[in-house]
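Reading the structure
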Amino acid sequence: MRVIPAIDLKDGQCVRLQKGDYGTAHKVAENPVETAQRFLDAGADLVHMVDLDAAKDGSHANYGVVEQVIRETGATVELGGGIRSMQDVETVLALGVSRVIIGSAAVRDPEFVAEAVKKYGDKIVVGIDAKSETVRTDGWLGDSGENYIAFAERMESIGVRHIIFTDIDKDGMLAGPNFDQLAALRASVSCEIIASGGVSTLEDIAGLKKLCIDGAIAGKAVYTGTLDLAKAIEQAK
């Protein structure tokens, strides 16, 4: 199991939201490059980045920051937010990103995901963001009405091998992951599952490891010091 620290970008700055609400955005670090370097120094082998502006309105204003992080730190980065077409996938990969996260577009256009997986294989990750067990879209503002497990099974059936599951109600709340939903998901699909939302203690890491979850994204807890990233990475091993 791996622990993956997160950098959420809005207007070029590192921010965090609560439950996906853009109105709660607040800066948590001064410099994305320095933040990524700090994560690498703690032992991280992958950095999770989200372009919040792209997720909301499709703009690519933060791509220069992502490219700078990769160029100056050598970090292995996965990036999500506003990736809606094969052109978007290719643009992101050209930045030096190692894994591309497809979220809302996977709900609306599963054929796009199938095409991307066929061409890029393990470089494609599907983000499943759920609230009350249904998959949300468009920066978590829209409700697809589809059950998260049914959607995960559908994605696996078209070749997706990596899923990031976020419980929106847990995100940014330091309240622990949704172990029940993650256990149900683990029992339903065989692909890699990365847990996101609420991961905040070493006990959370141990609990996810016990469920055979493959990875955990840690955001707010790392910035507040609630979770010691180096210790979490060591425990996950």
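Report on the accompanying structure. (Residues numbered from 1 in each chain as written. Predicted model: local features only at pLDDT ≥ 70, side-chain atom pairs only at ≥ 80, totals over all residues. Heavy atoms only, no water.)

**Concerning the side chain of aspartate 204**
Position of aspartate 204 relative to the elements: it lies in helix 9 (residues 202-210). Each residue touching aspartate 204, except ones within four places of it in the same chain, is listed here: Gly176, Pro177, Phe179, Gly198 and Val199. (Helix = DSSP H or I, 4+ residues; strand = E, 2+ residues; numbered from the N terminus. Contact = heavy atoms within 4.5 Å.)

**Some words on the pairing of strand 8 (residues 134-137)**
The pairing of strand 7 (residues 124-131) with strand 8 spans two bridges and is antiparallel. Across the sheet, residue lysine 131 finds its bridge partner in strand 8, namely threonine 134. What sits between strand 7 and strand 8 in their antiparallel hairpin is a turn of two residues, with serine 132 showing a positive phi close to 55 degrees. As paired elements, strand 8 and strand 9 (residues 142-147) share three bridges and run antiparallel to each other. When the sheet's bridge partners are listed, arginine 136 is paired in strand 9 with aspartate 143. (Pairing = 2+ DSSP bridges.)

**Comments concerning the nonpolar core**
In terms of nonpolar packing, the biggest core is built from 69 residues, with Ile7, Met49, Val89, Ile102 and Ile128 touching the most fellow members. When neighbours within four sequence positions are excluded, valine 89 is seen to be in contact with Ile83, Val100, Ile102, Phe112, Tyr120 and Ile124. By size, the runner-up hydrophobic cluster in this structure holds eight residues, among which are Ile4, Leu46, Ile101 and Ile217. (Core = buried A, V, L, I, M, F, W, Y, C linked by side-chain atoms within 4.5 Å. Buried < 20%, exposed > 50% of the residue type's maximum accessible area, 1.4 Å probe, protein only.)

**As for the environment of arginine 108**
Within the secondary structure, arginine 108 sits in helix 5 (residues 104-108). Separated by 29 residues in the primary sequence, arginine 108 and threonine 137 place their C-alpha atoms 9.0 Å from one another. With sequence-adjacent residues up to four places away left out, arginine 108 is seen in contact with Arg84, Thr137 and Asp138.

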